[in-house]
Amino acid sequence: MIPIKSPAEIERMREACRIAATVLEALKAHAKEGVTTYEVDQIARNLMFEHGAASACYNYQVGSRRFPSHTCISVNEEVVHGIASMKRTLRSGDIVALDVVVVYQGYIGDNACTVRIGAVSPEADRLLKVTEEALYEGIRYALPGKRVGDISQAIQRYVESRGFSVVRDFVGHGVGRSMHEEPQIPNFVDRPIKRTAELKPGMTLAIEPMVNLGRADTLVLADGWTVVTRDKKPSAHFEHTVLITPGEPEILTRLAPQPAAAR
Ligand code: MF3
Ligand code: CO
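1. What to know about the coordination of the cobalt ion (ligand 2)
Right, on to step 1. Here the cobalt ion (ligand 2) is held by D110 (OD), H173 (NE2), E208 (OE) and E239 (OE), and the distances to it run 2.1 to 2.4 Å.
Right, on to step 2. Coordination of the cobalt ion (ligand 2) draws on donor residues from a single chain, spaced D-x62-H-x34-E-x30-E in sequence. With a gap of 66 residues between them, H173 in strand β9 (residues 172-174) and E239 in the loop between β15 (235-237) and β16 (240-243) connect regions that are remote in the sequence. This pair shows no difference in class: H173 is buried, exactly as E239 is.

Take a look at the structure:
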């Protein structure tokens, strides 16, 4: 069963997602050469607290393991679920995926993006561009009457036609009162599109292409969380939480442009 959010729930999703997006903006501004991923994570922790929100990642439990940082920060060949660390200093040429998931008044906002530290290689630069564009390609199909598989297909075609590969071991997801709700949203076609769920107004979906420069295969490091590419080539990740409406999709984790007077 895919949850359909009521108008009151949608309002709370908008608020949670606005906070998630605000925190991600701040992290983008702070992720610079010489800064540790721990420092970036602490900025997120403090900013979530100031907004009356909390990290949905911190202490997130899978089996007997609990996630130890407030955000996922995944550098270069790390795909997702990287753990912030005082020992990891960002260096020029790094690409850094920042994944922010907040819970606010019982509802979750989930978004991610990948940033460049200093000057990055032309291939890494293109990987980031293509991954972000693939996210927006997928969002174009977040329409009532379309299906989950339409989103998957759009992302996969966009990425693979440009010579990159989509990660198959992790997928996007419904999001709401829980971080992971139905449906799963693969970034690849795994069955006839007709057999995937039909999109309906009131669904809230985290669409999140994870794209590798080399091969799609991943493995999890001994810390139990950090997902890396098997070939050690770089990976990028972009994510928005999106509301299906009767019309165009509403990107809940996109901040409204700030009027100049308010800056
Ligand atoms: N955006 C990630 C996801 O959708 C966040 C999970 S982080 C974890 O799975 F730490 F909670 F695992
Ligand atoms: Co997610």
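What follows continues from the structure just given.
2. Examining the packing of helix α1 (residues 7-30) against helix α2 (residues 37-50)
Right, on to step 1. Relative orientation of the contacting elements α1 and α2 amounts to 150°, with a least axis distance of 9 Å. The orientation of α1 relative to α2 falls into the category roughly antiparallel. Judged by the twist between their axes, the crossing of α1 over α2 is right-handed. Contacts between α1 and α2 pair T22, V23, A26, L27 and H30 from the former with V40, I43, A44, L47 and M48 from the latter.
Right, on to step 2. Looking at side-chain class alone, the contact of α1 with α2 contains eight nonpolar, two polar and no charged residues.

3. Things to note about the packing of aromatic side chains
A ring pair, where both rings are aromatic, is described by two values, the distance of the centres and the angle of the planes.
Right, on to step 1. In the structure shown here, the tally under the stated rule is one aromatic pair.
Right, on to step 2. Between the NZ or CZ atom of R162 and the centre of the ring of Y158, over which it lies, the distance is 3.6 Å.

4. Some remarks on the sheet that holds strand β14 (residues 227-229)
Right, on to step 1. Here three strands make up an open sheet; going across it, the order is β5-β14-β13 and the pairing antiparallel. Two strands in the sheet have a free side with no partner beyond their single neighbour: β5 (78-80) and β13 (218-220). Ignoring which end each strand starts from, the neighbouring axes of this sheet average 40° apart.
Right, on to step 2. When β5 meets β14, the two strands line up antiparallel, connected through two bridges. The residue of β14 that forms the bridge with V80 is V227.

Reading guide: rules and limits
Residues numbered from 1 in each chain as written. Chains lettered and ligands numbered in written order. Predicted model: local features only at pLDDT ≥ 70, side-chain atom pairs only at ≥ 80, totals over all residues. Heavy atoms only, no water. Donors = N, O, S within 2.8 Å, 3.2 Å for Na, K, Ca; no water. Helix = DSSP H or I, 4+ residues; strand = E, 2+ residues; numbered from the N terminus. Buried < 20%, exposed > 50% of the residue type's maximum accessible area, 1.4 Å probe, protein only. Axes fitted to C-alpha atoms, helices over the stretch in contact; angles between N-to-C directions. Parallel < 35°, antiparallel > 145°, perpendicular 65-115°, else oblique. Left-handed = near helix turned anticlockwise from the far one by under 90°. Contact = heavy atoms within 4.5 Å. Nonpolar A, V, L, I, M, F, W, Y, C, P; charged D, E, K, R; others polar. Phe/Tyr/Trp six-rings, centres within 6.5 Å; stacked < 30°, edge-to-face > 60°. Lys NZ or Arg CZ within 6 Å of the ring centre and 35° of its normal. Pairing = 2+ DSSP bridges.

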